[in-house]
Amino acid sequence: MAAMEAIDGPTNPMVTPLLSDLYQFTMAYAYWKAGKHAERAVFDLYFRKNPFGGEYTIFAGLEECIRFIANFRFAEEEIDFVRGLLPKTCEDAFYDYLRGIDCSDVEVYAIPEGSVVFPKVPLMIVAGPIAVVQLLETPFLNLVNYASLITTNAARHRFVAGKSKLLFEFGLRRAQGPDGAISASKYSYMGGFDGTSNVEAGRLFGIPTRGTHSHAFVSSFMSLDEIIDPSLQCSDGSSVCKNFLALVQTWLNKIKSQSLGGSLGDTNQSELAAFTSYALAFPNNFLALVDTYDVVRSGIPNFCAVALALGELGYKAIGIRLDSGDLAYLSFEVRKFFQAIEKEFKVEDFGKMNITASNDLNEETLDALNKQGHEVDGFGIGTYLVTCYAQAALGCVFKLVEINNQPRIKLSEDVTKVSIPCKKRCYRLYGKEGYPLVDIITGENEPPPKVGQRILCRHPFNESKRAHVVPQQVEELLKCYWPGSPDKQREKLPPLKDIRSRCIKQLEIMRTDHMRRLNPTPYKVSVSGKLYDFIHYLWLNEAPVGELQ
């Protein structure tokens, strides 16, 4: 826990008190006019259904929410703008009220960012003066919805790819605007990706950045004559190779003479010029895109010639990238070629050279590659990841559950939209094998579940669905991230790397049948027997009784 030190504002400067729906301001005025604006209200932020046809979600966006409320104040020009939007009949004193608003008496309890979460369980409980808390509703939903969706999407891609593969987010150019791109880079990393091509995201969040060159770099070269200075110093600095290009050509002739990979004709010389130039610029980081002309007949032999020439001078090439074609087949062909080079020229570990693939990859293509078998070591994933192509939004909601200590319920003919009333506490119960069994929601003042003590867990709305659980471990999910008072303690906001580690660890302890892509087993979310009875008592109390004529 940490005392209340200063917290930086939101990453995006557009996240201001005006990043809100107009009805938050019309309600704020109506609350103020009715004298209700200071009444203490409790809201739950939660979602109703897991995304992407799966049975789990990763909670993200909490840090940005806390940064927002830590710096929540209306600037004078913002108040002037609101004044221009509302009817002229609105009293001036209301704008004085807005001037004095901050979030010092708001409380935020939340599940730690990077946690695996499930429908109906509050991700955040926000308590405070009703007018202020409703002004937080839209920005909080905006900051949590996409963040949680993209983190979950990244985690699903990681699950399909497997732990051993490198995953890079390459979606900047296809993302929904600058904020979509920056958020995608941050939350893909949180969800288990290893790096991003996005330089600004690297600067802002310390995410490892990756990238080499495009097809344009390769096709910009016309001939080997364009290499003006072919000299390259040996890696240990002991001497200088005056004509690195000649060394590359010598190695290319050796590869051809040994008929590696079948009989090789002439490779594309402009491609060879591009690879050689790139190696001269980055001898320690040589990774080439090999599919501009022909992967097997040109790209790979040209790459190997440059890599072997670098090796002779003490450098080690990193590998290649494939951006088109049959990735499974090509990866096998490339690996065979690398292994043949290692065997023929006795170059240690050349056969293990890194193969990266890109080109409109998604969960399905990763799954298909796994089923076919492949030799790819890393994947660059863009469009389908950052746009969350498989599902556009998560659908988090923000519902009033208590006002002035009086529980409130929202009813609906669609039972999935009925809210769970009152301020709550939430626990995760673990079984004998160390897996989470069920999340249970209780009233705020109920005694917590105890290890080894039998507890009745009930489905909130279906009376026949219930089970007794004897937990071997009990984890309270909600922690205080904004205490509503400067002298109270709050949880520290961990660095992004720690949140990423938490996410990876949380996913590792989930049962695999909850995680699988096809027909995953739903994870159970329940309420205590006492809360179940109260929900249904309140439901009957609030629902109007029909009259049949």
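Going by the structure above, here's the rest.
Residues numbered from 1 in each chain as written. Predicted model: local features only at pLDDT ≥ 70, side-chain atom pairs only at ≥ 80, totals over all residues. Heavy atoms only, no water.

Student: Got a minute to help me understand the side chain of S331 in this structure?
Tutor: Along the polypeptide, S331 turns up in helix 12 (residues 327-345). Owing to a relative accessible area of 0%, S331 belongs among the buried residues under this scheme. For S331, the residues in contact, after removing those within four places along its chain, are L322, I355, H374, E375 and V376. (Helix = DSSP H or I, 4+ residues; strand = E, 2+ residues; numbered from the N terminus. Buried < 20%, exposed > 50% of the residue type's maximum accessible area, 1.4 Å probe, protein only. Contact = heavy atoms within 4.5 Å.)

Student: Explain the sheet that holds strand 19 (residues 466-469) to me, please; I cannot follow it from the model alone.
Tutor: Paired through their backbone hydrogen bonds, the strands of a sheet run either parallel or antiparallel. Read from one edge to the other, the open sheet built from six strands follows the order 19-18-22-17-16-20, with strand pairing classed as mixed. Looking at the sheet topology across the chains shown, the edges are occupied by strand 19 and strand 20 (473-476). Here the strands of the sheet are splayed against their neighbours by 35° on average, with no regard to which way each runs. Across four bridges, the pairing between strand 17 (residues 436-443) and strand 22 (residues 524-528) is parallel. Counterpart to I441 in the pairing with strand 22 is V527. In the packing of helix 17 (residues 529-542) onto the sheet, the strands contacted are strand 17, strand 18 (455-458) and strand 22, and the crossing angle to strand 22 comes to about 80°. (Pairing = 2+ DSSP bridges. Axes fitted to C-alpha atoms, helices over the stretch in contact; angles between N-to-C directions.)

Student: Where do I start with the sheet that holds strand 5 (residues 124-129) in this structure?
Tutor: Strand order across the open sheet formed by six strands is 15-14-1-5-3-21, with antiparallel pairing between neighbours. Two strands bound the open sheet, and with one partner strand each, they are strand 15 (406-407) and strand 21 (479-482). Pairing between strand 1 (residues 40-46) and strand 14 (residues 397-403): six bridges, direction antiparallel. The partner of V42 across the bridge, within strand 14, is E402. Here helix 2 (residues 62-70) sits on the sheet in contact with strand 3 (107-110), strand 5 and strand 21, set at roughly 45° to strand 21.

Student: Would you take a moment to explain the pairing of strand 5 for this structure?
Tutor: For a regular strand, side chains alternate in direction, first toward one face of the sheet and then toward the other. With six of its six residues buried, strand 5 lies for the most part within the structure. Where strand 1 lies against strand 5, six bridges are found, and the strand directions are antiparallel. From the neighbouring strand, V42 faces strand 5, where its bridge partner is A127. Of the strand pairs in this sheet, strand 3 and strand 5 are connected by four bridges, and their pairing is antiparallel. Paired with Y109 across the strands is I125, a residue of strand 5.

Student: Hey, could you run me through the packing of aromatic side chains in this one?
Tutor: Note on aromatic pairs: each is described by the distance of the centres and the angle between the planes. Counted by the stated rule, this structure contains 23 aromatic pairs. When the centroid spacing of 3.9 Å and the interplanar angle of 15° are considered together, the rings of F118 and Y523 count as stacked. With F118 in the loop between strand 4 (116-117) and strand 5 and Y523 in the loop between helix 16 (512-515) and strand 22, the pair connects residues that are 405 residues apart, well separated along the chain. The pair F118 / Y523 is uniform in exposure class, with both members buried. Here the aromatic rings of F286 and F303 are separated by 5.3 Å at their centres, their planes lie at 15°, and the arrangement is stacked. With F286 in the loop between helix 10 (269-281) and strand 10 (287-289) and F303 in helix 11 (residues 295-312), the pair connects residues that are 17 residues apart, well separated along the chain. (Phe/Tyr/Trp six-rings, centres within 6.5 Å; stacked < 30°, edge-to-face > 60°.)

Student: Any chance you could explain empty space enclosed by the protein here in plain terms?
Tutor: The probe, sized like a water molecule, is rolled over the atoms to show the empty space still left. Under the definition given, this model contains one cavity of 30 Å³ or more. In this model, the largest cavity occupies a volume close to 100 Å³. Every residue along the wall of the largest cavity is listed here: D44, Y46, R48, K120, P122, V401, T416, V418, S419, I420, K424 and F461. By residue class, the composition of the lining of the largest cavity is six nonpolar, two polar and four charged. (1 Å grid on protein atoms, 1.4 Å probe; cavity = no way out; pocket = protein on both sides within 12 Å on 5 of 7 lines; lining within 4 Å. Points joined across faces, edges and corners; volume = space filled by probe spheres on them. Nonpolar A, V, L, I, M, F, W, Y, C, P; charged D, E, K, R; others polar.)

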